Amino acid sequence: MLRTNPAGARGMTELIVNVAEPEREAPLIDYAFSLARQWRAWLTGLCVVPVDALVMALPDSLGVLASEERDALADDAWWQARCRKAAVAGSWEVVCGVYRKVVAERASLANLVIGRLPGWPASLQDASRRLAETLVHGGCPIIVVPDDWIARPALGHVLLAWNGSAPSARAARAALPLLHMAHRVTVLDGTQGAGKTAAPLREWLARQDVQCDWQPFKPRADVGEAIHQEADRLCVDLLVQGAWGRRRTSERLLGGATRHSLRHSRVPLLLAP
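Definitions and cut-offs
- Residues numbered from 1 in each chain as written.
- Predicted model: local features only at pLDDT ≥ 70, side-chain atom pairs only at ≥ 80, totals over all residues.
- Heavy atoms only, no water.
- Helix = DSSP H or I, 4+ residues; strand = E, 2+ residues; numbered from the N terminus.
- Contact = heavy atoms within 4.5 Å.
- Areas by Shrake-Rupley, 256 points an atom, 1.4 Å probe, with all protein chains shown as cover.
- Pairing = 2+ DSSP bridges.
- Axes fitted to C-alpha atoms, helices over the stretch in contact; angles between N-to-C directions.
- Salt bridge = Lys/Arg side-chain N within 4 Å of Asp/Glu carboxyl O.
- Buried < 20%, exposed > 50% of the residue type's maximum accessible area, 1.4 Å probe, protein only.
- Phe/Tyr/Trp six-rings, centres within 6.5 Å; stacked < 30°, edge-to-face > 60°.
- Right-handed = clockwise from strand over helix to strand, strands pointing away.
- Polar contact = N/O pair within 3.5 Å; in protein donor to acceptor, adjacent residues only side chain to side chain.

A.B. asks: Is there a simple way to think about the overall build of the protein chain in this case?
C.D. replies: Counting secondary structure elements, the protein chain contains eleven helices and ten strands. For the protein chain, contacts bridging at least 24 residues in sequence account for 80% of all contacts bridging at least 6. For the protein chain, the exposed surface amounts to about 13,800 Å²; the carbon and sulfur share of it is 52%.

A.B. asks: Before we go on, may I ask you to explain the sheet that holds strand S4 (residues 112–117) in this structure?
C.D. replies: Strand pairing in a sheet relies on backbone hydrogen bonds. The paired strands run either parallel or antiparallel. Reading across from one edge, S3-S2-S1-S4-S5-S10-S9-S6-S7-S8 is the order of the ten strands in this open sheet, with mixed pairing throughout. The two strands at the open ends of the sheet, each matched to only one other strand, are strand S3 (90–97) and strand S8 (213–216). On average, each strand axis in the sheet is tilted by 25° relative to the strand beside it, whichever way the strands run. Relative to strand S9 (residues 238–242), strand S6 (residues 157–162) runs parallel, the two sharing three bridges. What sits directly across from Leu 160, in S9, is Val 240. Those strands touched by helix H9 (residues 199–207) are S6, strand S7 (184–189) and S8, and its axis lies near 170° from that of S8. Contacts between helix H10 (residues 223–234) and the sheet are confined to S6, S7, S8 and S9, with S6 contributing the most and set at about 160° to the helix.

A.B. asks: Help me understand the pattern of salt bridges, please; the structure alone is not making it clear to me.
C.D. replies: Any two side chains of opposite charge can pair if their charged atoms end up close together. If you walk through the whole model with that rule in mind, you get seven salt bridges. Across the pair Arg 184 and Asp 213 runs a salt bridge, and its minimum N-O distance is 3.0 Å. Note that Arg 184 is positioned in strand S7 and Asp 213 in strand S8, a separation of 29 residues in sequence. The exposure class of Asp 213 is partly exposed, given its relative accessible area of 35%.

A.B. asks: Would you explain the pairing of S4 in this entry?
C.D. replies: Strand residues, when the strand is regular, have side chains that alternate between the two faces of the sheet. Burial analysis of S4 places five of its six residues in the buried class, the great majority of the element. The sheet contact formed by strand S1 (residues 14–18) and S4 spans three bridges and is parallel. Residue pairing for S4: Val 17 is matched across the bridge by Ile 114. In this sheet, strand S5 (residues 142–146) lies alongside S4 in parallel orientation, the contact comprising five bridges. Its bridge partner lying in S5, Leu 117 is registered against Pro 146.

A.B. asks: Before we go on, may I ask you to explain the packing of aromatic side chains in this structure?
C.D. replies: For any pair of aromatic rings, the description consists of the separation of the ring centres together with the inter-plane angle of the planes. According to the stated counting rule, one finds four aromatic pairs in the structure shown. Between Phe 33 and Trp 79 the ring centres are 4.9 Å apart and the planes differ by 45°, which places this aromatic pair in the tilted class. With Phe 33 in helix H1 (residues 26–39) and Trp 79 in helix H4 (residues 76–86), this residue pair connects regions lying 46 residues apart in the sequence. Judged by its relative accessible area of 2%, Phe 33 is buried. For Trp 79, a relative accessible area of 0% gives the class buried. Here Trp 79 and Trp 92 contribute two aromatic rings whose centre-to-centre distance is 5.4 Å and whose plane-to-plane angle is 35°, an arrangement assigned as tilted.

A.B. asks: Could you clarify how one ought to interpret unusual backbone geometry in this entry?
C.D. replies: Excluding glycine, residues mostly carry a negative phi; peptide bonds, for their part, are mostly trans. The phi dihedral of Ala 87 falls on the positive side, at around 60°, and the residue is not glycine. Relative accessible area serves as the criterion here: at 65%, Ala 87 is assigned to the exposed category. Even without a glycine there, the phi angle at Cys 235 is positive, about 55°. Mapped onto the secondary structure, Cys 235 falls in the loop between H10 and S9.

A.B. asks: Even after reading the chapter, I still don't get the pairing of S1, so can you show me in this structure?
C.D. replies: Most of S1 sits out of view: four of its five residues are buried. Once the chain exits S1 it traverses H1 before rejoining the sheet at strand S2 (residues 42–50), and the crossover so formed is right-handed.

A.B. asks: Whenever I open this one, the environment of Arg 116 confuses me. Can you help?
C.D. replies: Tracing the backbone through its elements, the reader meets Arg 116 in strand S4. When neighbours within four sequence positions are excluded, Arg 116 is seen to be in contact with Glu 21, Arg 24, Glu 25, Leu 28, Val 144, Val 145 and Asp 147. In terms of polar contacts, Arg 116 uses its side chain to reach the side chain of Asp 147, at 2.8 Å.

What follows is the structure, encoded as C-alpha cells:
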C-alpha cells in the first residue's frame, strides 16, 4: 500500500528493505529504520511471496499463494506503526512473483536495498545467489546486515575498501551519503603495486568534502580475510566494497573477496556491482 508523501519530502532518498519473516528479522528491520531516520529517507518494506516450482507443485498452489499474500498484506498496519514510532516515512508492499525478478525491478527505483546476511553455512549459497541476481539485474547497491547486528543511533566508522576498480568506484559513489553521515571514514588503499593509483579517489572525495584517513593495504594472502581483519581491528560500523575483485566469469559471478565477505562479515556490508 502506497502512502502519501509528507509535506516537504520531495526528492527523498528511496530505501527498500527485503522483509521475509518479520518475527525473525528484528536486527535487519531495526537497522533499516535507523538508517532511514538518519538519512531522512523513504523506507519501503518489501515482502515477496515467491512463486517458484516448489510452490506451484502443491495441490492447491493458488490457494496457498493467496493465503500467504493475505497474511503479508495484514502486516501493513504493523509496518505503519513501526514507521510512526521511528519517525520515518514509508510504505509496505507485497508482491507475488519470481523473487529475482520482483527484487530486481523494485531495486531499479531505489537508491539502496537492505537485506539480511544469514549465518553460514545453511543459507549462504541461496543468499549469495539472490544477492548476485539483485546486483546484476537490478543494478542497485545493497547493504546486507548480519543477524546479530545491533543497530546504532548514528553511523560511526565506515571502512571503504579501494583497489582502483570500477566496482570499488561505484561502491564509493553509492556510499557517498553514508560517508557524509559517518563520524569517521577510513580508506583501505589497495592500489599499491597493483598498477593503479588512489589519486582519482582522493581527488573525488576531496571534491565531495569527505574527510578520510588513508591506510596502505597490501595483504600477503587472502584479500577478503585481510579486509575483514582490518574491519575488526578498526571496529567499524560499515564496510564498503565493490562486488567483484576479479573477472566475473572466473569467480562464477561473485568475486572471491565478495564471497569471503558474505561468509564472514560481522558488520553491515555495502556492495555495489
